[in-house]
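# Structure at a glance
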Amino acid sequence: MEIFKYMETYDYEQLVICQDKQSGLKAIICIHDTTLGPALGGTRMWTYENEDAAIEDALRLAKGMTYKNAAAGLNLGGGKTVIIGDPRKDKNEEMFRAFGRYIQGLNGRYITAEDVGTTVADMDLIRQETEFVTGVSPAFGSSGNPSPVTAYGVYRGMKAAAKEAFGTDSLEGKVIAVQGVGNVAYNMCKHLHEEGAQLIVTDINKEAVQRAVEEFGAKAVDTEEIYSVDCDIYAPCALGATINDETIPQLKAKVIAGAANNQLKDVKHGDIIHEMGIVYAPDYVINAGGVINVADELNGYNHDRAMKKVELIYDNIARVCEISKRDSIPTYVAADRLAEERIERNKNSRSQFLLNDRHILSDRIGQ
Ligand SMILES: NC(=O)C1=CN([C@@H]2O[C@H](COP(=O)(O)OP(=O)(O)OC[C@H]3O[C@@H](n4cnc5c(N)ncnc54)[C@H](O)[C@@H]3O)[C@@H](O)[C@H]2O)C=CC1
Ligand SMILES: CC(C)CC(=O)C(=O)O
C-alpha cells in the first residue's frame, strides 16, 4: 500500500505505529481529521492476515469515525486504533498500559474506547496511563460498555428505515436477518424480540448463536446462508464489507440496517442497492449510539442526557432518507453530504483568534 498517497487522497492527518516488545503490543493509531475536535474512536483487536490489512482497516475505520462524529453533531474528529492479535489469547496488562502511554503521548489529539475485541476491563488498564480514554468502568464516573447503547441506537434507526420502506415503523412480525450476534447485536435482538420481530441469526461463535436461539427464539442459519434468507431486513452486525458483488444478488431484504462499520465494500455497492430500491441506513449514522454515549463522558457523564441524544438517531436516519428522495441520491451520499457540510462550515467559521481557546478536554486535563 502506498501510504502517503492514500493519506493524501483522503486527507488523513496522522498514522502512528506503536510497538512494545515486552508486552507484544503492535498497534496502529490513525487520526483522520480533527477539524471538529480531538479524534474519538475505539480500539479494535483482531487477527489480521497481514500488516497491510491492519493498516487499511485502521485507515478506513478512522475516516468512518470522522463522518460518524460529524453526522451525530459531536464536536469531535475521527480516529481509530487497531491492535494486531487474538483478543482471546494475546492480551495482557502490560500491553494495554503500554498502549495507554502511546495515547498519552498524543496529548489529547486521540481519545479511545471499546471496539471489536476490546472490553471495559481493557479500557480500565489504559486509564492507568492516560485520561484520554472513555468507556471505562462506571466506578470511575464513566459510561461503561457502549454496546447496549449502540444497540438501542441501531434499533431506533432500523425503525426509521422500516418506516421509509414499509410505511410503518413497527417491527412487529418483521423478519430480520442478523449477521453476528456479539455485544451490540445481542442487545439489539433483545429490543427486536420485545417488539415481536422474528429473528434469523448467524455467527461464527456457536455459543452466541445458541444464546439468541434460546433467549429470543431465533432461527439459526449458516454464515453464508444469511444473505439469501427470506427476510424484510438484513442487519449486518459483524465486520465490514459484507455488502459486495457476491452478496448483493442474494439479498431479499427491503432494508439494510445494522451495527457494523464500513458495511459497503465500495461506494459503488451503495449505488447498486439504491437502484434496487433497498433502503440502506448508512452505517455510521445508525451505529453512532456508542460514540454519542462515550462522548458524553467528556462533559461529566449523564446517562439520561446521552440516551436523549441517541434517540435522535431515528430522526437522523429519517433525514438522510428524506434528502436521498429529494435529491435522488443514494442514502450513503446523503449522509456523506451532511457530515462533510458540517465539517466544512466549522472549518470556515474558525477565523477568529482566541487566546486560551477552550478545548473539549479542558475540564479533564485541568486547563
Ligand atoms: N460495540 C460498539 O459499541 C460499536 C460497534 N460497532 C460495530 O458493530 C460491529 C459489532 O461490534 P460488537 O458487537 O462490539 O463486536 P463483537 O465482537 O462483540 O461482535 C461481533 C460478532 O460477529 C461475529 N462474527 C465475526 N465474523 C463473522 C462472520 N463472518 N459471520 C458471522 N458472524 C461473525 C463474532 O463472532 C462476534 O460474535 C463491529 O463492526 C463494530 O465495529 C459500531 C459502533 C459501536
Ligand atoms: C465503540 C464506540 C465507542 C466508538 C467507535 O469506535 C465506533 O463507533 O465505531
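What you are looking at is a predicted structure, and each value in this text was computed from that prediction instead of being measured. Think of each chain on its own: its residues are numbered from 1, step by step along the sequence as written. Labels follow written order: the first chain is A, the first ligand is 1, and so on. Side-chain atom pairs in this predicted model are given and counted only at pLDDT of 80 or more, local residue features only at pLDDT of at least 70, and totals for whole chains, interfaces and linings cover all residues. The side-chain numbers reported here are obtained from all heavy atoms of the structure, hydrogens and water having been left aside.

### Structural notes on helix α2 (residues 51-71)
Rules: Going along the chain from the N terminus, every DSSP run of H or I of four or more residues is numbered as a helix, and every run of E of two or more is numbered as a strand. Take the residue count of a helix, subtract one, and multiply by 1.5 Å to get its expected span. When accessible area is computed with a 1.4 Å probe and restricted to protein chains, residues below 20% of their type maximum are described as buried, those above 50% as exposed, and intermediate ones as partly exposed. Polar contact is defined as a pair of N or O atoms within 3.5 Å, subject to the rule that within protein one atom must be able to donate a hydrogen and the other to accept it, and that residues adjacent in sequence are counted only when both atoms are side-chain atoms.
Taking 1.5 Å of rise per residue, 21 residues should cover 30 Å, and α2 covers 30 Å from first to last C-alpha, within 8% of that figure. With respect to burial, α2 is a largely interior element, 15 of its 21 residues being buried. The distance from a side-chain oxygen at the start of α2 to the backbone nitrogen of Asp 52 is 3.3 Å, and the residue carrying that oxygen is Asn 50. Of the residues flanking the end of α2, it is Gly 73, one or two places downstream, whose phi is positive at about 80 degrees.

### Describing the site of ligand 2
The test is simple: Throughout this document, a residue counts as near a molecule or strand when at least one of its heavy atoms sits within 4 Å of that molecule or strand. To be clear on the numbers: accessible area is Shrake-Rupley with a 1.4 Å probe, and residue cover counts the displayed protein chains and nothing else.
Every residue close to ligand 2 is listed here: Gly 41, Gly 42, Met 65, Lys 68, Lys 80, Ala 113, Glu 114, Pro 146, Asn 261, Gly 290 and Val 294. Between Gly 42 and ligand 2, the recorded distance is 2.7 Å, taken from a backbone N or O atom to an oxygen atom. With the chains in place, 93% of the 280 Å² that ligand 2 exposes on its own is no longer accessible. Among the elements of the structure, α2 and α10 (289-295) are those that each provide at least two residues to the shell around ligand 2.

### Examining the domain arrangement of the protein chain
Our working definition: Those domain boundaries reflect an automatic or database domain assignment. By definition, residues are in contact when any of their heavy atoms lie within 4.5 Å. When two parts are brought into contact, each loses some accessible area as probed by a 1.4 Å sphere; the total of that loss over both is the buried area.
What the domain assignment reports for the protein chain is domain 1 (3-68 + 75-138) and domain 2 (147-336). When each unit is reduced to the centre of its C-alpha atoms, the spacing between domain 1 and domain 2 is 24 Å. Of the residues lining the interface, 19 residues belong to domain 1; the matching set on domain 2 comes to 14 residues. Buried surface at the junction of domain 1 and domain 2, summed over both partners, amounts to about 1,400 Å²; 63% is from carbon and sulfur atoms. It is Arg 60, Tyr 67 and Lys 68 that lose the most area in domain 1 upon contact with domain 2, and together they represent 42% of the buried surface on that side.

### Topic: the packing of helix α5 (residues 147-166) against helix α12 (residues 313-327)
Applicable threshold: For helices, the axis comes from a line fit to the C-alpha atoms of the stretch in contact; other axes are also lines fit to C-alpha atoms, and the angle between any two N-to-C directions lies between 0 and 180 degrees. Note: crossing handedness is left-handed where the near helix turns anticlockwise from the far helix by less than a right angle, and right-handed where it turns clockwise. All residues other than Ala, Val, Leu, Ile, Met, Phe, Trp, Tyr, Cys, Pro, Asp, Glu, Lys and Arg, Gly among them, are scored as polar; the first ten of these are nonpolar and the last four charged.
Between α5 and α12, the least distance of the axes is 7 Å, while the angle of their chain directions is 35 degrees. Remark: the crossing between α5 and α12 carries right-handed chirality. Of the residues in α12, those in contact with Gly 153, Arg 156, Gly 157, Lys 159, Ala 160, Ala 161, Lys 163 and Glu 164 of α5 are Ile 313, Tyr 314, Ile 317, Ala 318, Cys 321 and Lys 325. Counted by class, the contact of α5 with α12 contains 7 nonpolar, 2 polar and 5 charged residues.

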